[in-house]
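Residues per chain are reported as follows:
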Amino acid sequence: MDQSNKECNIVVDGNFQIPFKKVIHFSPPLYRQRYNFVKDLVDQHKPKKVADLGCGNASLIQTIKCHSCIELLVGVDINKDKIDSQRCTLSPFCGDYLSPRDLNLSIILYHGSVVERDSRLLGFDLITCIELIEHLDEKDLARFPEVVFGYLSPAMVVISTPNSEFNPLFPAVTLRDSDHKFEWNRRQFQTWALSVANFYNYSVEFTGVGEPPARAGNVGYCTQIGVFRKIGAKATESCIAGQCDEHVYKIVYTVSYPSLQQKEVRKFALTSEVSRQVQSLKRRYVSSVKILQDDESIHKLNDTGIITFFGPVFTELEKTNIEKSPKPFCFGNKFYVPLERLFAYPKVNRLCENVDMMRALIRDTMRLNRDGSAVKVDLHDP
Ligand code: SAM
């Protein structure tokens, strides 16, 4: 990924663009660098429950929802129109049913203010506040640490905010957005963050995204970031359960993704994959017979029963496993694929623990032979 920033004719900070000579262009755009920063943290720490406070149109949620470790993803914003604007992009699409996640994922968007307590946000592993705090007025900024660090008390908090030392590099910028109540230099942000961390028993590390150009000297990153980690034990379930009565936020949107934890989803995905594999094996069998017939060597195939069906997608180990498993065979005008053969294919294998489980899941939608050991299809039925 190219993180370098070039001087050019435009300033880009996600929200605004100012034509000017010799200004700064971030590549990738600064907002994307912030999201990538969170993505990397998720990769590293594998949180199960993540909340994005001041989520806006839920773009960060959209970016990180593909991480398989996340089971609950929550967004909160005070601006309902913003939450509404893109929420349909969070719905699962057909690929999510055909290739379901291993674990459940629920996404919930709430309308509310981050300075109000809501017990549904207790017990989270990661809370992100990306370009949020500079939108809070003095009173709300004073309440924010008590709610986020004191009450919600997640294992990790990420706060990003503009670094005002970078602003002179922009043409005629005092505040970067008309809704910003303040913009802090590094010392101001770090003083605030350290006092919050000390008070609520967190450690904090400072970093940022959006590197300045070489000529700029030591102005720091365009976006400064504090990563807070809770010191000591996680909140216990009983401690969380005791505080479960404060529901202040309004649910604006909620969705559950299909996952292999749901029996019907697993059944659908397995049946689709098994029938795709059986049809593919049958097609290749039929065409290999045709080739051999053209060569007048059909008897050779019947004698050996060898059909080698490998595509380039398998590893050597997977090929060996498939090769060792019982082969597909023909009897009359029926084509049979042993369940053990199907189980050797990695995609099928991922969807069921053993052959018995596969049989139980496919038996009401697919035809099996008499002892239930193979899938049976008509050889010439397209
Ligand atoms: N975090 C998003 C991102 O990086 O794309 C959006 C950042 S936007 C600059 C700031 C967001 O904070 C806005 O969507 C705004 O509505 C929200 N906001 C401001 N004050 C808030 C509050 N008290 N509670 C919740 N959200 C708030």
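Residues numbered from 1 in each chain as written. Predicted model: local features only at pLDDT ≥ 70, side-chain atom pairs only at ≥ 80, totals over all residues. Heavy atoms only, no water.

Draft legend 1. Geometry of the overall build of the protein. Along its length, the protein carries 13 helices and 13 strands. Among the 382 residues that make up the protein, the fraction classed as buried is 48%. (Helix = DSSP H or I, 4+ residues; strand = E, 2+ residues; numbered from the N terminus. Buried < 20%, exposed > 50% of the residue type's maximum accessible area, 1.4 Å probe, protein only.)

Draft legend 2. Local environment of the site of the ligand. Tyr35, Gly54, Asp77, Val114 and Ile130 are the nearest of the 16 residues found near the ligand. Side-chain polar atom of Tyr35 to an oxygen atom of the ligand: 2.5 Å apart, as the coordinates give it. Calculation on the ligand without its partners gives an accessible area of 590 Å², and the protein chains cover 88% of this total. Looking at the shell around the ligand residue by residue, the class counts come to seven nonpolar, six polar and three charged. (Near = heavy atom within 4 Å. Polar contact = N/O pair within 3.5 Å; in protein donor to acceptor, adjacent residues only side chain to side chain. Areas by Shrake-Rupley, 256 points an atom, 1.4 Å probe, with all protein chains shown as cover. Nonpolar A, V, L, I, M, F, W, Y, C, P; charged D, E, K, R; others polar.)

Draft legend 3. Quick peek at the nonpolar core. In this structure, Ile61, Ile70, Leu73, Ile107 and Phe166 are the most contacted members of the largest nonpolar core, which totals 39 residues. The set of elements that each furnish at least two residues to this core consists of β2 (17-26), α1 (30-45), α2 (59-64), β5 (105-111), β6 (126-130), β7 (156-162), β9 (223-230) and β10 (250-257). For this core, the element with the most residues is α1, which contributes six residues. Ala51, Ile133, Val148 and Tyr249 belong to the second largest nonpolar core, which has 36 residues in total. (Core = buried A, V, L, I, M, F, W, Y, C linked by side-chain atoms within 4.5 Å.)

Draft legend 4. Seen up close, the packing of aromatic side chains. Per the stated rule, a full pass over the model turns up 17 aromatic pairs. Arranged with centres 5.8 Å apart and planes meeting at 50°, the rings of Tyr110 and Tyr249 form a pair that is tilted. In this pair, Tyr110 is assigned in strand β5 and Tyr249 in the loop between α7 (237-241) and β10, connecting sequence segments 139 residues apart. Note on accessibility: Tyr110 and Tyr249 belong to one class, buried. Feature note: the residues Phe144, Phe182, Trp184, Phe189, Trp192 and Phe206 constitute an aromatic cluster, connected by ring pairs. (Phe/Tyr/Trp six-rings, centres within 6.5 Å; stacked < 30°, edge-to-face > 60°.)

Draft legend 5. Up close: the pattern of salt bridges. Per the stated rule, a full pass over the model turns up 16 salt bridges. Measuring nitrogen to oxygen at the nearest pair gives 2.8 Å for the salt bridge that ties Glu273 to Arg276. You can see Glu273 and its partner Arg276 sitting in helix α8 (residues 263-294), three residues apart, about one turn around the helix. Judged by its relative accessible area of 10%, Glu273 falls in the buried class. (Salt bridge = Lys/Arg side-chain N within 4 Å of Asp/Glu carboxyl O.)

Draft legend 6. Representation of the pairing of strand β12 (residues 334-338) within the structure. The buried fraction of β12 amounts to five of the five residues, a majority that puts the element mostly inside the structure. Alternating residues of β12 divide into Lys334, Tyr336 and Pro338 and Phe335 and Val337, and every residue in both groups is buried. Sheet analysis places strand β11 (residues 329-331) next to β12, joined by three bridges and oriented antiparallel. When the sheet's bridge partners are listed, Phe329 is paired in β12 with Tyr336. Relative to strand β13 (residues 374-378), β12 runs antiparallel, the two being bridged by five bridges. From the neighbouring strand, Val337 faces β13, where its bridge partner is Val375. (Pairing = 2+ DSSP bridges.)

Draft legend 7. Here's a closer look at α1. Along its 16 residues, α1 runs 23 Å from first to last C-alpha, staying within 8% of the 22 Å computed at 1.5 Å per residue. Two residues or fewer after α1 comes Lys46, characterised by a positive phi angle close to 50°. (Expected span 1.5 Å × (residues − 1).)

Draft legend 8. Region of interest: the sheet that holds strand β8 (residues 202-209). Strand order in the open sheet made by the eight strands is β8-β9-β7-β6-β3-β4-β5-β10, with mixed pairing throughout. The open sheet terminates on both sides in strands that have one partner only, identified here as β8 and β10. The average undirected angle you get between the axes of adjacent strands in this sheet is 15°. In this fold α1 packs onto β6, β7, β8 and β9, with an angle of close to 20° to the strand it touches most, β9. Along the sheet face, helix α5 (residues 138-152) touches β3 (49-53), β6, β7, β8 and β9 and points at about 160° away from the line of β7. (Axes fitted to C-alpha atoms, helices over the stretch in contact; angles between N-to-C directions. Contact = heavy atoms within 4.5 Å.)

Draft legend 9. How the structure looks around the environment of Val204. Within the fold, Val204 resides in strand β8. Given the relative accessible area of 16%, Val204 is considered buried. Taking the C-alpha atoms as reference, Val204 lies 9.4 Å from Val158; in sequence the two are 46 residues apart. Excluding its chain neighbours within four sequence positions, the residues that come into contact with Val204 are Ala193, Leu194, Ala197, Gly226, Val227 and Phe228.

Draft legend 10. Representation of the sheet that holds β13. Taken together, three strands build an open sheet; the order of strands is β11-β12-β13 and the sheet is antiparallel. Every interior strand has two partners, whereas the edge strands, β11 and β13, have only one. Here the average twist between neighbouring strands, direction ignored, is 30°.

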